[in-house]
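A structural walkthrough
Each chain, letter by letter, is given below.
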Amino acid sequence: MAEASPEPVLELSGIVKTFPGTRALDGVRLELYPGEVTALIGENGAGKSTIVKCLTGIYQPDEGEIRLDGTALRFPTPQAAAAAGVTAIHQETVLFDDLTVAENIFLGHAPRTRFGLIDKGEMRRKAAAILKGIGAEIDPDVLLKDLGIASKHLVAISRALSIDARVVIMDEPTAALSHKEIEELYELVDELKRQGKAILFISHKFDEIFRISDRYTVFRDGQFVGAGRMAETTEADLVRMMVGRSVEQIYPKRAPRIGGEVLRVAGYSHPTEFEDIGFSLRQGEILGFYGLVGAGRSEFMQALIGLTKPSKGVVKMGDKVLAIRSPAEAIEAGIVYVPEDRGKQGAITQLPIFQNVTLPSLAQTSRNGFLRMAEEFKLARDYTQRLDLRAASLDTPVGALSGGNQQKVVIAKWLATKPKVIILDEPTKGIDIGSKAAVHDFMSELAGEGLSVIMVSSEIPEILGMSDRVIVMREGRIAAELEGDALTPETLVRHAAGISAAEAA
Amino acid sequence: MSLADPDMVPAPRQIPDRLASPAAKLLKSWESLLLLVAVAVFILNSFASPYFLDAWSLSDATFNFTEKAMIAFAMALLIIAGEIDLSVASIIALCSTAMGVVMQMGGGTGALVFTGLAVGLSCGAFNGLLVTRLGLPSIVVTIGTMSLFRGISYIVLGDGAFRGYPEGFAWFGQGYVFWVITVEMVIFTLLAIVFGVVLHKTNFGRQVYAIGNNSTAALFSGIRVQRVKMILFLLTGLMSGLAAVCLTSRLGSTRPSIASGMELEVVTMVVLGGVSILGGSGSIPGVVIAAILMGLVTFGLGLLNVPGIVMSIFIGLMLIGVIAVPRLFKMARGK
C-alpha cells in the first residue's frame, strides 16, 4: 500500500491452514491498523472464520507468520492470544449466564486482595467504570441471564476492554440486534477507534461495512484477493472481488408461468400460535410469507407439515383433503419444509453429505428396505451438483462445510424427494452473497419447472425480489395479501407492524 | 440466468464420492484396535494356562458372553439411537420367573420358550410406551422398571427357587449343535449377522443413526422417530427374553437374583465395542469383538483362579483403559 499509514499493529502473512481434503487458508495476509476498522469480506467458505480461529489461538496455522508490533509470535492457546491483547466478540459470545455482569467482565483476571481472594468491591468499581465508559447503563451486579442480547454484547465488549485488548475481532456482531442496538454498536466501535484499538469487522451486510469500516481485505476460496481503503472502492468492486465475477442483479428476472391451484389452506388455527390462516398456492408460483419475528409464520408452516397439531382447519391438494399428522406424511403428500435452523433441524451435521441428502428419500434409493449405496451416491451427486455444492467428497460430514454449503445440502435433501410444494424458511439467512444468489437462482429455476414455492423471509429485498405474491402475517393472523403494484416496502412494513391503511391515509 | 452459466461457475466440478477407501478406514478403526487387543489376550491366556488351548474349554468360555451379547446387540441399537435400557437383567428375572410358573402349571418346552419371549416383549413394550408416549427419559424409566420387574420376581419366589425344568428345555443352554459348537453360540452368530445387517445395510439402521445424532432433524426429515424407538425397546425386551430362555435352560433353575448386575456388563460390552454412550455412532462388529474379548478375559482370569471381585475390577480397568488409550495417543501427538 502506497499511502502514508501507520504501522500495522497486527500483521499476518503467508498463512496456510489445511484440513483433510480442503485448504482452508492458502497463503493469506491481513493487516490491522491502530484506530481503524478493517472489514474482512468474503463468501462463506472463503476462510474468514478460519483466520479468526488462527488469530485467537483456537487453530494453529500450518505455515505463515503472525507479527504483533513487528515481532513474530505464536498463539498456541486461546489464553496466549488473550494475553497478547487479541480478543474476539462472536455472534454468540461465550459468557456465563449465572454469573454477574462484573464477574463476566473480569473472569480469569479479577482484581485480587492482599490475600489472593477476589476483590469484589474493586471488581464492581472497575466494571462500572468500563460500562460507563462505553455508555452502557448496566448494573454490574445483575446476573447476565437477566440481560437482553444487546446488553450481553456490551458486556462482551466491556470484557474486551478490561483485558486491555489491542485487537478486537467482531464476527457478525449485529446478526441478532435490532436497528437501534446496531446504531449503539456503531457508536461503540467509534469509541474503540478513538482509544486506538485495531478492529477486525466481519459482516455479510454491505451497508454496515461501508458505514463503519476504514479498510477492507477480501478473501476468496481461502486466498487473499485484495485489500485497500474503503474510500477508494465501491460495492460493485467488492462484490466482484468476493465472487470473482460481477453480479449485476442479485435477484433473477423471470417470467413466471403460473398454473392451476396446487394447495389450498382454509381456516387453519392453533390454540396459541396462529388463527384462521387461509390461502391458495398455484403451480409454479413463489408465495412469500412476510412478517416480524414471532408473527407465527414458522409455527404455521410446522403445523402444516404435521409437526404440531392444529386445532382446526382444512388443507386440500387438488380435490384431496389432507390430514397430515407427521413430516413423514407431508413428504408422502409432496409437501416439504426446509427449516430455518440448519444445524439443529435441517442437517445431521455428524453424518456425511450423501446420507443427509438421501435421508428423506431412502424409500427411493433402497430396495425392500435394504440400502443401495450406489443409488444413494447417484442421487446425492445429482442434486448437490445442481446446487453447485463445494465439498471435498460426498462422504464428508456436513458439519465440516461452510454455512452456505450446508444450506445447499439441506435444500438438495428436500428436493431429492421430488416434492410438489417446497416451503423454505429463511432460506438465505446467514449465508454469503454467492450462495444466496445460487439459492435464489435455483428457486426461480424450480418454480419455472412447475414446483410451487412458499418462502418465509424477513428480508424485504428478498421478499420483493423473489415473490409473485406475498402474504403478510401479524400476531398469528394474515394481515394482508399483496400482489403487483401493492407490493412495496412501505405496504409490507405497514401491514407487518399493524398500521392500518386507514390510519396511514 | 441459470446455475450452469459458464461465467458463474468455474467448471461443473465432480465431487468424488469418497476420499479414503472403506478398507483404509477399517484399518484405522476402533474395531481393528479391539481385535488386536483380543488377539493379545488370547495369546496371553494360552501362555498363562495349559488348559486354555483346548476346544472344549474354549467352547465353555463362550458361555461367558453369548447370553449377554444377545442383549448387547439390541442394546447397541438402542444406545446408538440415544436411549438406554437398564432393566434388561430384571427382565430376565421376570421372564425366568414366569417360565417357572408355567413349568409348574405343566407347560412343555414350547410353552416355556413362548412365555419367556412374550414376557420379554411385554416388558420392552412397557418401557417403550413410557418413553415414547409420555416422553420420559429412558434412563429414569428403566431404572424404575429395573426395580419393578425384579421386585415382582421376589414377590413370586421369595427365598425359594423353581427347579425341575423339562429335559427338552435344557437344549437351549446346554445343547450342542455339532461337536463343541453350542446352541447358544449358533444363536449368537445368527443374531450378530441379523443385527449387523439391520444396522448397517437397511433403511431402518440408517434411521437409527440419524435419530441418535440429531432426533429433531431426523423428525423433520420424515423419520417416525417414536416408532423407531418403540421398535428398539421391543427388540431389547425380546432379546432379554431370549437370553432368559438360554440362561434358565443352562442353570436349570430360577432364583429371583438371576442375572443380577448383568445390565452393567451388557452396557460395558456395548461401550467397549465402540458405541458412543451419547448415541449416534458404533457398529455391530465392534460389539461382537468386545463380547469375545470380555469372554476371553473373564475365562482367562477364571483359569488362573482369580476371584470374581478381582475380575470385575479387571473388566472395569479394561473398559477405562481401552477408551482412554486412543485419547492419550491423540494428546501425545497433539504436543
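Not measured: the values here are computed from a predicted model. (Residues numbered from 1 in each chain as written. Chains lettered and ligands numbered in written order. Predicted model: local features only at pLDDT ≥ 70, side-chain atom pairs only at ≥ 80, totals over all residues. Heavy atoms only, no water.)

Summing up its helical and strand segments, chain B has 15 helices and four strands in all. The C-alpha atoms of chain B give a radius of gyration of 22 Å, which matches the 20 Å a tight globule of 335 residues would have. Once the C-alpha set of chain B is aligned to its principal axes, its extents read approximately 85 × 50 × 40 Å. Looking at the 335 residues of chain B, the share that counts as buried comes to 51%. Sequence separation of 24 or more characterises 77% of the internal contacts of chain B that already satisfy a separation of 6 or more. (Helix = DSSP H or I, 4+ residues; strand = E, 2+ residues; numbered from the N terminus. Rg over C-alpha atoms; globule rule 2.2 N^0.38 Å. Buried < 20%, exposed > 50% of the residue type's maximum accessible area, 1.4 Å probe, protein only. Contact = heavy atoms within 4.5 Å.)

Attention now goes to the packing of helix α4 (residues 66–80) of chain B against helix α13 (residues 262–272) of chain B. A pair of packed helices is characterised by two quantities: the angle between their axes and the separation of those axes. All names here are of chain B. Put simply, α4 and α13 touch, their axes get as near as 9 Å, and they point 65° apart. Of the two elements, α4 crosses α13, and the hand of that crossing is right-handed. Side by side, α4 and α13 meet where Lys 68, Ala 69, Ile 71, Ala 72, Met 75, Ala 76 and Ile 79 of the first sit next to Met 262, Glu 265, Val 266, Val 267, Met 269 and Val 270 of the second. Tallied by class, the residues present in the contact of α4 with α13 amount to 11 nonpolar, no polar and two charged. (Axes fitted to C-alpha atoms, helices over the stretch in contact; angles between N-to-C directions. Left-handed = near helix turned anticlockwise from the far one by under 90°. Nonpolar A, V, L, I, M, F, W, Y, C, P; charged D, E, K, R; others polar.)

This next bit is on unusual backbone geometry. Trans peptide bonds make up the majority, and among non-glycine residues the majority have a negative phi. Even without being a glycine, A:Glu475 presents a positive backbone phi close to 50°. Position of A:Glu475 among the secondary structure elements: in the loop between β19 (469–474) and β20 (477–483). With a relative accessible area of 69%, A:Glu475 lands in the exposed category. Although it is not a glycine, B:Ala259 sits at a positive phi angle of roughly 60°. Along the chain, B:Ala259 falls in the loop between β4 (253–254) and α13.

Turning our attention to a nonpolar patch on the surface. On the surface, B:Leu35, B:Val39, B:Phe42, B:Ile43, B:Phe47 and B:Leu53 cluster together into a nonpolar patch covering about 610 Å² of accessible area. The class of B:Val39 is partly exposed, set by a relative accessible area of 44%. (Patch = residues over 30% accessible without salt bridge, like charges linked within 9 Å, V, L, I, M, F, W, Y side chains within 5 Å. Areas by Shrake-Rupley, 256 points an atom, 1.4 Å probe, with all protein chains shown as cover. Salt bridge = Lys/Arg side-chain N within 4 Å of Asp/Glu carboxyl O.)

Moving on to the domain arrangement of chain A. In many analyses, interface size is given as the accessible surface area lost on bringing the parts together. Residues and elements named next belong to chain A. Segmentation of chain A into domains returns domain 1 (10–243) and domain 2 (259–334 + 419–505). Using only C-alpha atoms to locate each centre, domain 1 and domain 2 end up separated by 37 Å. Each partner contributes to the interface: domain 1 provides eight residues, whereas domain 2 provides six residues. Interface area, domain 1 with domain 2, both sides summed: about 470 Å², of which 60% is carbon and sulfur. Seen at the junction of domain 1 and domain 2, the total is zero salt bridges. Remark: the boundary between domain 1 and domain 2 carries zero residue pairs in polar contact (both at pLDDT 80 or more). Classifying every residue of the side of domain 1 that touches domain 2 by side-chain character gives four nonpolar, three polar and one charged. (Domains from an automatic or database assignment. Buried area = accessible area lost by both parts, 1.4 Å probe. Polar contact = N/O pair within 3.5 Å; in protein donor to acceptor, adjacent residues only side chain to side chain.)

The subject of this paragraph is the interface of chain B and chain A. Listed per partner, the contact involves 34 residues of chain B and 53 residues of chain A. Across the chain B/chain A interface, buried area totals approximately 3700 Å², and carbon plus sulfur atoms make up 57% of it. Linking chain B with chain A are three salt bridges. B:Arg224 is paired through a salt bridge with A:Glu332; the nearest N and O atoms lie 3.8 Å apart. At the junction of chain B and chain A, the tally comes to 13 residue pairs in polar contact (both at pLDDT 80 or more). Of all the elements in the fold, those that place two or more residues in the side of chain B that touches chain A are α9 (183–201), α10 (203–213) and α11 (215–220) of chain B. In the side of chain B that touches chain A, the residues fall into 15 nonpolar, 11 polar and eight charged.

This part is about the confidence of the model for chain A. Scored by pLDDT, chain A has a mean of 85; 93% of the residues are at 70 or more. Model confidence for chain A, summarised as mean pLDDT per element, is weakest for helix α19 (residues 501–504) of chain A at 46 and strongest for helix α12 (residues 353–358) of chain A at 95. (pLDDT = per-residue confidence, 0-100.)

Core analysis: the largest hydrophobic core is formed by 103 residues, its most contacted members being B:Phe73 and B:Leu272. Those residues within four positions of B:Leu272 in sequence are excluded, and the remaining contacts are B:Trp30, B:Leu34, B:Ala290, B:Leu293, B:Met294, B:Met318, B:Leu319 and B:Val322. (Core = buried A, V, L, I, M, F, W, Y, C linked by side-chain atoms within 4.5 Å.)

The subject of this paragraph is the sheet that holds strand β18 (residues 452–456) of chain A. Residue and element names in this part refer to chain A. Pairing is mixed across the open sheet formed by six strands, whose spatial order is β16-β17-β18-β13-β19-β20. Of all strands in the sheet, those with a lone pairing partner are β16 (335–338) and β20, marking the two edges. With direction set aside, neighbouring strand axes in the sheet form an average angle of 20°. Pairing analysis gives five bridges linking strand β17 (residues 421–425) to β18, with the strands arranged parallel. When the bridges of β18 are listed, Val 421 appears paired with Ser 452. Helix α16 (residues 433–448) contacts β13 (286–291), β17 and β18 of the sheet and is inclined by roughly 135° relative to β13. Packed on one face of the sheet, helix α18 (residues 489–497) meets β13, β19 and β20 and runs near 30° to β19. (Pairing = 2+ DSSP bridges.)

All names here are of chain A. Where burial is concerned, most of helix α1 (residues 48–55) is hidden: six out of the eight residues are buried. Among the residues of α1, Lys 48, Thr 50, Ile 51, Val 52, Cys 54 and Leu 55 are the ones counted as buried. Two residues or fewer after α1 comes Gly 57, characterised by a positive phi angle close to 80°.

Let us look at the sheet that holds strand β14 (residues 312–317) of chain A. All names here are of chain A. Spatially, the four strands line up as an open sheet ordered β12-β11-β14-β15, and their pairing is antiparallel. Of all strands in the sheet, those with a lone pairing partner are β12 (277–282) and β15 (320–322), marking the two edges. Strand-to-strand twist in this sheet, taken as the mean axis angle between neighbours without regard to direction, amounts to 20°. Here β14 runs beside β15; their pairing, made up of three bridges, is antiparallel. Across the sheet, the residue bridging to Val 315 is Leu 322, located in β15. In the packing of helix α9 (residues 297–304) onto the sheet, the strands contacted are β11 (261–269), β12 and β14, and the crossing angle to β11 comes to about 110°.

Residue and element names in this part refer to chain B. Their axes nearest at 10 Å, the elements α10 and helix α12 (residues 225–251) cross at an angle of 110°. In this view, α10 runs roughly perpendicular relative to α12, as classed from their interaxial angle. Contact with α10, carried on its side by Phe 204, Gln 207, Val 208 and Ile 211, involves Val 225, Val 228, Lys 229, Ile 231 and Leu 232 of α12 and no other residues of that element. Residues belonging to the contact of α10 with α12 are distributed by class as follows: seven nonpolar, one polar and one charged. (Parallel < 35°, antiparallel > 145°, perpendicular 65-115°, else oblique.)

Turning our eyes to something else, we now look at α18(A). Residue and element names in this part refer to chain A. All of the buried residues along α18 are Thr 491, Leu 492, His 495 and Ala 496. Within α18, the buried residues cover an arc of 125° as seen down the axis, which keeps them to one side. Of the surrounding secondary structure, the elements contacted by the buried residues of α18 are β13, α17 (460–466), β19 and β20. Looking one or two residues past α18, Gly 498 carries a phi angle of roughly 85°, positive in sign. (Arc of directions from axis to C-beta.)

Residue and element names in this part refer to chain A. Across the five residues that make up strand β3 (residues 37–41), a large majority, five, are buried. Side chains Val 37, Ala 39 and Ile 41 project from β3 onto one buried face, and the interleaved Thr 38 and Leu 40 project onto a second face that is buried too. Of the strand pairs in this sheet, β3 and strand β9 (residues 215–220) are connected by four bridges, and their pairing is parallel. Along β9, the bridge assignment pairs Thr 38 with Arg 215.

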